[in-house]
Amino acid sequence: QVRLEESGGGLVHPGGSLRLSCATSGLIFSRYDMAWYRQAPGKKRELVVSITTVARNTYAGRFTISRDNAKNAVYLQMNNLQPEDTAVYYCAASLRGFKELPELWGQGTQVTVSS
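The present account deals with the structure reproduced in this document. Every chain is numbered on its own, with residues counted from 1 as its sequence reads. Where totals are concerned, whole chains, interfaces and linings use all residues; where local detail is concerned, this predicted model gives features only for residues with pLDDT of at least 70, and gives and counts side-chain atom pairs only at 80 or more. Only hydrogens and water are set aside when side-chain values are computed; all heavy atoms of the structure are taken into account.

## Structural notes on the sheet that holds strand β1 (residues 3-7)
Inference 1: Strands qualify as paired when DSSP identifies two bridges or more between them. Counting from the N terminus, the helices are the DSSP runs of H or I reaching at least four residues and the strands are the DSSP runs of E reaching at least two. As summarised here, the arrangement of the five strands in space is β1-β3-β8-β7-β6, forming an open sheet in which the pairing is antiparallel. On the outer flanks of this sheet lie β1 and β6 (57-60), each paired with one strand and no other. Adjacent strand axes in the sheet meet at a mean angle of 15° when their direction is disregarded.
Inference 2: Note: β6 against strand β7 (residues 63-68), four bridges, orientation antiparallel. Across the sheet, Y59 pairs through a bridge with T64, a residue of β7. The convention used is that axes are lines fitted to C-alpha atoms, helices contributing only their stretch in contact, and that angles between N-to-C directions extend from 0 to 180 degrees.

## Describing the nonpolar core
Note that soluble globular proteins tend to have their nonpolar side chains buried in a common cluster.
Inference 1: The biggest cluster of nonpolar side chains holds 27 residues, and the ones touching the most others in it are M34, W36, V74, L76, M78 and Y89.
Inference 2: Among the elements that line this core, the one with the most residues is strand β9 (residues 87-94), at four residues.
Inference 3: In contact with L76, not counting residues within four places along its chain, are L18, R19, L20, W36, V49, F63, T64, I65 and Y89.
Inference 4: The term nonpolar core refers to a set of buried residues drawn from Ala, Val, Leu, Ile, Met, Phe, Trp, Tyr and Cys, joined through side-chain atoms within 4.5 Å. Burial here depends on accessible area, computed with a 1.4 Å probe over protein chains only, as a share of the maximum for the residue type. Under 20% is buried, over 50% is exposed, and the range in between is partly exposed. Within the second largest apolar cluster, five residues are counted, among which are A35, Y37, Y90 and A92. Whether two residues are in contact is decided by their heavy atoms, any of which lying within 4.5 Å being enough.

## Things to note about the state of the cysteines
Inference 1: Any two cysteine sulfur atoms lying within 2.5 Å of each other are counted as a disulfide. Scanning all chains against the criterion turns up one disulfide.
Inference 2: Between the sulfur atoms of C22 and its disulfide partner C91 the distance amounts to 2.1 Å. With the S-S bond torsion at -80°, the cross-link from C22 to C91 turns out left-handed. Within this pair, whereas C22 is found in strand β3 (residues 18-25), its partner C91 is found in strand β9, the two being separated by 69 residues in sequence. Of the two residues, C22 and C91, neither departs from the other in class, the shared state being buried.

This is the structure:
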């Protein structure tokens, strides 16, 4: 059974940082491109940042995605968080990149940025 399980969400003050983790099982992790998406209330789910099978880190402004193929895990480091970053963050895996919706999803973890 394929599983993607996010952790590390929570409440943080503006300007703070969080590191999300996504543990995977039941798939050949090293073959999958990985990504983090987010969905804020009333908004569509959007791609935050993705990483290919061979990269270790990919940067997108205040966000950095990294992967550890030995641990079958992917991470999202988020810095200088702002209230508009409040959303449910989802880990996703795809064999075909992220121009289309990925095949595999986690259940999501809530990130709330508030003073």
